[in-house]
Amino acid sequence: DGHSPLSAYERKRLKNITENAKFFAALQLHEVCLGSEQHQNVLSNRAKPKKAEEEPVRRRSMRLQRVEPSELALPEVSTQPIAEENDRWPQVPAGPLPMLPEDQMGDSKLTEDLLAVWMSISEVIVVTKVLVVLCRYQDSLNSMVLSEENIRKVVKTRVCSMAIHPSESILFLAAGDKNGQIGLWNVDCRSEEAAHSFTPHDDAVNCMYFSPCNPAHLLSLSSQSLRCGDVTRALFDEIYRGEEMSSFDFLEGGDSTAVVGQWNGDVLVVDRRTPGTSAELSADIGFTRTRTVHVHPVHKQYFVAAGSKDVAVYDVRYLKTSKNKPVSSLQGHTKSVASAYFSPLTGHKVVTVCADDKLRHRNNTGRWLTRFRAIWEPKQEEFFVVGSLVQPRQIEVFQDTGKLVHAFCNPDCLASVCSINVLHPSRNILVGGNSSGRLHVFREETTG
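Since we're looking at a predicted model, the values are computed, not measured. (Residues numbered from 1 in each chain as written. Predicted model: local features only at pLDDT ≥ 70, side-chain atom pairs only at ≥ 80, totals over all residues. Heavy atoms only, no water.)

## Brief notes about the sheet that holds strand E5 (residues 182-186)
Taken in spatial order, the four strands line up as E3-E4-E5-E6 in an open sheet, and their pairing is antiparallel. Of all the strands in the sheet, the pair left with one neighbour each is strand E3 (159-164) and strand E6 (195-198). Strand-to-strand twist in this sheet, taken as the mean axis angle between neighbours without regard to direction, amounts to 20°. As paired strands, strand E4 (residues 172-177) and E5 are joined by five bridges and run antiparallel to one another. When the bridges of E5 are listed, Ala-175 appears paired with Gly-183. Lying on the sheet, helix H4 (residues 112-121) is in contact with E4, E5 and E6; it crosses E5 at an angle near 75°. (Pairing = 2+ DSSP bridges. Helix = DSSP H or I, 4+ residues; strand = E, 2+ residues; numbered from the N terminus. Axes fitted to C-alpha atoms, helices over the stretch in contact; angles between N-to-C directions. Contact = heavy atoms within 4.5 Å.)

Listed below in structure tokens is the structure:
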């Protein structure tokens, strides 16, 4: 039989194939491929550069990988800033520093009102601590609420410490962040100038107190320096300069002497009355790390130190450079201890925060949050406050028996974890600080 004629589709297909073949032939792809093979052979004969001995490890976000963060906490905020951060942030010089705010250059007119308020409320302070029965105390907790006007970003980065002025007329707060900044906020002032920040430290402000005998002084500590912000002189004076400091507290005699904990485990005794910025004593207490130190509220010669699984009470009168023995030790912690504090009125109890979660309270804050520190209610002997990882976000109040008494929360206003908290010594006020530099004030509602 003869061949059947091609359909219109087949003829068009054949024509396209022929034209494509001519086009590719004109490109001379075969010669190009051969040339590339010869070029590849030449390259392969060249000496390959030696691989760097240590290549930088590319960091990948665990959030983008959808991996849960490990329960291991970050190294302490006391670690020295890396070289890049040192280049980015100018170093704070040693010695006294003028109390000039971060957000203005030279002219301190914008902060005069704020500092004047601090000075005026510090003239006469009498703090009275009154025990309240449980039912009345729970009523006071229920009356404390959070509103939008009582939230403010006071420092740039993560809050590492806070202090509350003892004034009963004006609510005045101080907060320290991980980059050495200190923010002051007059909560009762609704203007934009109610808060200003200063930078008297190089790195994290781990601990901060208004002086118990002169609240015109704000003492703050970073890993390298212990400073006193004196509002009467508008100056951040340097009391002590050292290394690896973690926390401090006042010993007997008001604010003249202090015990200072160090990240290497030692403790220091510092006396402000001594000329210079050196310590009176450096004592090895046998710790590998000391995170917090806290002085007994009644017997000021005793202090409790907390570190890596260690919690012990020492008598400062018998400290020596080495081979120090504790007066008492608290056993039972199996993981890292974040803090330990005496109860405020008698000192008969100690509350600790440990990563072993034995209180049925999740204390593993992970990589990006400041470690939780449980603080006693200063007006009570049996209640303490601690941050929480529970949703909705909240700040929890426990009885010393471990019973949860109250949870401060407001889903509309509080959407973050408040690791650092502080309570007013005489008023029903709680302040929580988060990792973005914001302070949240729970207080009694005002009517009218």
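Anyway, onward from the coordinates.
## A few points about helix H5 (residues 134-143)
For H5, the set of buried residues is Tyr-137, Ser-140 and Leu-141. Across the axial projection of H5, the buried residues extend over an arc of 100°, all falling on one side. Of the residues in H5, the exposed ones pointing more than 90 degrees away from the buried face are Arg-136, Asp-139 and Asn-142. (Buried < 20%, exposed > 50% of the residue type's maximum accessible area, 1.4 Å probe, protein only. Arc of directions from axis to C-beta.)

## Points about H4
Considered for burial, the residues of H4 that qualify are Leu-114, Leu-115, Val-117, Trp-118 and Ile-121. Seen end-on, H4 carries its buried residues on one side only, within an arc spanning 155°. Buried positions along H4 lie against E4, E5, E6, strand E7 (207-210), strand E8 (217-221) and strand E9 (225-230).

## Some remarks on the nonpolar core
Grouped together as the largest cluster of nonpolar side chains are 21 residues, with contacts concentrated most on Trp-118, Phe-172, Leu-184 and Leu-218. Taken together, the elements giving at least two residues each to this core come down to H4, E4, E5 and E7. Per element, the largest residue contribution to this core is five residues, and it comes from H4. (Core = buried A, V, L, I, M, F, W, Y, C linked by side-chain atoms within 4.5 Å.)

## Points about the sheet that holds strand E10 (residues 235-241)
Overall, antiparallel pairing links the five strands, which are arranged E1-E10-E9-E8-E7 in an open sheet. Both outer strands of the open sheet, strand E1 (97-98) and E7, are each paired with one neighbouring strand and no more. Across four bridges, E7 lies against E8 in antiparallel orientation. From the neighbouring strand, Cys-207 faces E8, where its bridge partner is Leu-221.

## Re the environment of Ser-197
Tracing the chain through its elements places Ser-197 in strand E6. Overall, Ser-197 belongs to the buried group, its relative accessible area being 11%. When the C-alpha positions of Ser-197 and Met-99 are compared, they lie 9.7 Å apart, and in sequence the two are 98 residues distant.

## Notes on the pattern of salt bridges
Under the defined criterion, the tally for this structure stands at ten salt bridges. The partner of Glu-238 in a salt bridge is Arg-227, with the nearest N and O atoms 3.4 Å apart. In this pair, Glu-238 sits in strand E10 while Arg-227 sits in strand E9, placing the two residues eleven residues apart along the sequence. A relative accessible area of 11% places Glu-238 in the buried class. Among the residues examined, Arg-227 registers a relative accessible area of 0% and is labelled buried. Through salt bridges with shared partners, a single network forms among Arg-227, Glu-238 and Arg-241. (Salt bridge = Lys/Arg side-chain N within 4 Å of Asp/Glu carboxyl O.)

## So, the pairing of E4
The buried fraction of E4 is high, at six of six residues. Across the two faces of E4 the burial is the same, with Phe-172, Ala-174 and Gly-176 and Leu-173, Ala-175 and Asp-177 all buried. Pairing between E3 and E4: five bridges, direction antiparallel. Across the sheet, the residue bridging to Val-159 is Asp-177, located in E4. Linkage of E4 to E5, two consecutive antiparallel strands, is achieved through a turn of four residues, within which Gly-180 is found at a positive phi near 90°.

## What about unusual backbone geometry?
Of note, the bond from Gln-391 into Pro-392 is cis; its omega dihedral lies within 30 degrees of zero at -10°. As for its position among the elements, Pro-392 is in the loop between strand E22 (383-387) and strand E23 (394-399). If you check the backbone angles, Glu-244 has positive phi at about 55° while not being a glycine. Tracing the chain through its elements places Glu-244 in the loop between E10 and strand E11 (245-250). The class of Glu-244 is partly exposed, set by a relative accessible area of 35%. Of note in the backbone geometry, Lys-309 takes a positive phi value of approximately 65° without being a glycine. Its place among the elements puts Lys-309 in the loop between strand E16 (302-307) and strand E17 (311-315).

## A short note on the side chain of Asp-266
Tracing the chain through its elements places Asp-266 in the loop between strand E12 (257-262) and strand E13 (267-271). No salt bridge is formed by the buried Asp-266; its nearest oppositely charged neighbour, Arg-289, is found at 12 Å. In this view, Asp-266 contacts Val-260, Gly-261, Ser-282, Ala-283, Asp-284 and Thr-290; residues no more than four positions away in its chain are not counted. (Lys, Arg positive; Asp, Glu negative; His and termini not counted.)

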